[in-house]
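Coordinates in review
If you want the building blocks of each chain, they are given just below.
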Amino acid sequence: VQLQASGGGLVQAGDSLRLSCAASGRTFSFYAMGWFRQAPGKEREVVAAISRGATVRNYAESVLGRFTISRDNAKNSVYLQMNSLKPEDTAVYYCAGRTTYTNSVRMSADDYNDWGQGTLVTVSS
């Protein structure tokens, strides 16, 4: 599946942003999806993941209670609502997909087959 992330930008601490990821090329409902991020000089880390049917959602502890992952299979899209943003949330955010026949989610980048190009989120203090 081809993935296109969008919605990044420059915001102030405490603001909100909503990232979107549009998928094309394969049956989106066969894919579990994840959001990852990579800050300058740091390794890529998981932010959130959602199962095929959106019944299972997992979050990194650092964003729990502030970020919400969701998906709309009819629109072939996955979203990341980010509230109460902090300067440490500054990173390039990537959406990723993995084919699965189960309702599971994975929190490791190694488990994902397809990646979008990334969208930059910058949070100023």
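Here, the structure is the one placed above.
These notes cover the structure that comes with them. Being a predicted model, the structure only gives us computed values, none of them experimental.

A word on the pairing of strand β1 (residues 2-6)
Two faces, one strand: in a regular strand the side chains alternate between the faces of the sheet. Because side chains alternate across β1, one face comprises the buried residues Leu3 and Ala5, and the other comprises Gln2, Gln4 and Ser6, none of which is buried. Relative to strand β3 (residues 17-24), β1 runs antiparallel, the two sharing five bridges. Across the sheet, alanine 5 pairs through a bridge with cysteine 21, a residue of β3.

Brief notes about the state of the cysteines
Using the criterion set out here, one finds one disulfide in the structure. Disulfide pairing is shown between cysteine 21 and cysteine 95; the S-S distance is 2.1 Å. Because the torsion about its S-S bond is 60°, the bridge between cysteine 21 and cysteine 95 counts as right-handed. You can see cysteine 21 sitting in strand β3 and its partner cysteine 95 sitting in strand β9 (residues 91-99), a full 74 residues away along the chain. Residue classification places cysteine 95 among the buried residues on the basis of a relative accessible area of 0%.

Some thoughts on unusual backbone geometry
Despite not being glycine, alanine 54 has its phi angle at roughly 65°, a positive value. With respect to the helices, strands and loops of the structure, alanine 54 is situated in the loop between β5 (45-50) and β6 (57-59). Residue classification places alanine 54 among the buried positions, given a relative accessible area of 19%.

With respect to the environment of valine 11
Considering the arrangement of structural elements, one finds valine 11 in strand β2 (residues 9-12). Looking at valine 11, the relative accessible area reads 11%, which means it is buried. Spatially, the C-alpha atom of valine 11 lies 9.7 Å from that of threonine 90, the residues being 79 residues apart in sequence. Look past the residues within four positions of valine 11 in its chain and what remains in contact with it is Ser16, Leu17, Leu85, Thr122, Val123 and Ser124.

Quick look at the sheet that holds β1
Taken in spatial order, the four strands make up an open sheet running β1-β3-β8-β7, and their pairing is antiparallel. What marks the edges here is a single partner per strand, and that holds for β1 and β7 (67-72). When strand polarity is set aside, the average angle formed by the axes of neighbouring strands in this sheet is 15°.

Digging into the pattern of salt bridges
Summed over all chains, the structure comprises three salt bridges. Residue glutamate 45 is joined to arginine 37 by a salt bridge in which the shortest nitrogen-to-oxygen separation is 2.6 Å. Each of Arg37, Glu45, Arg66 and Asp89 takes part in a single network of salt bridges with overlapping partners.

Here's the deal with the nonpolar core
By size, the foremost hydrophobic cluster in this structure holds 30 residues, and its most contacted members are Trp35, Leu80, Met82 and Tyr93. Where this core is concerned, the elements lending two or more residues are β1, β3, β4 (31-38), β5, β7, β8 (77-82), β9 and β11 (119-124). With four residues, β3 is the largest single contributor of residues to this core. Core analysis: the next-biggest nonpolar cluster, separate from the first, contains six residues, Ala49, Ala96, Val105 and Tyr112 among them.

Definitions and cut-offs
Residues numbered from 1 in each chain as written. Predicted model: local features only at pLDDT ≥ 70, side-chain atom pairs only at ≥ 80, totals over all residues. Heavy atoms only, no water. Buried < 20%, exposed > 50% of the residue type's maximum accessible area, 1.4 Å probe, protein only. Helix = DSSP H or I, 4+ residues; strand = E, 2+ residues; numbered from the N terminus. Pairing = 2+ DSSP bridges. Disulfide = S-S within 2.5 Å. Contact = heavy atoms within 4.5 Å. Axes fitted to C-alpha atoms, helices over the stretch in contact; angles between N-to-C directions. Salt bridge = Lys/Arg side-chain N within 4 Å of Asp/Glu carboxyl O. Core = buried A, V, L, I, M, F, W, Y, C linked by side-chain atoms within 4.5 Å.

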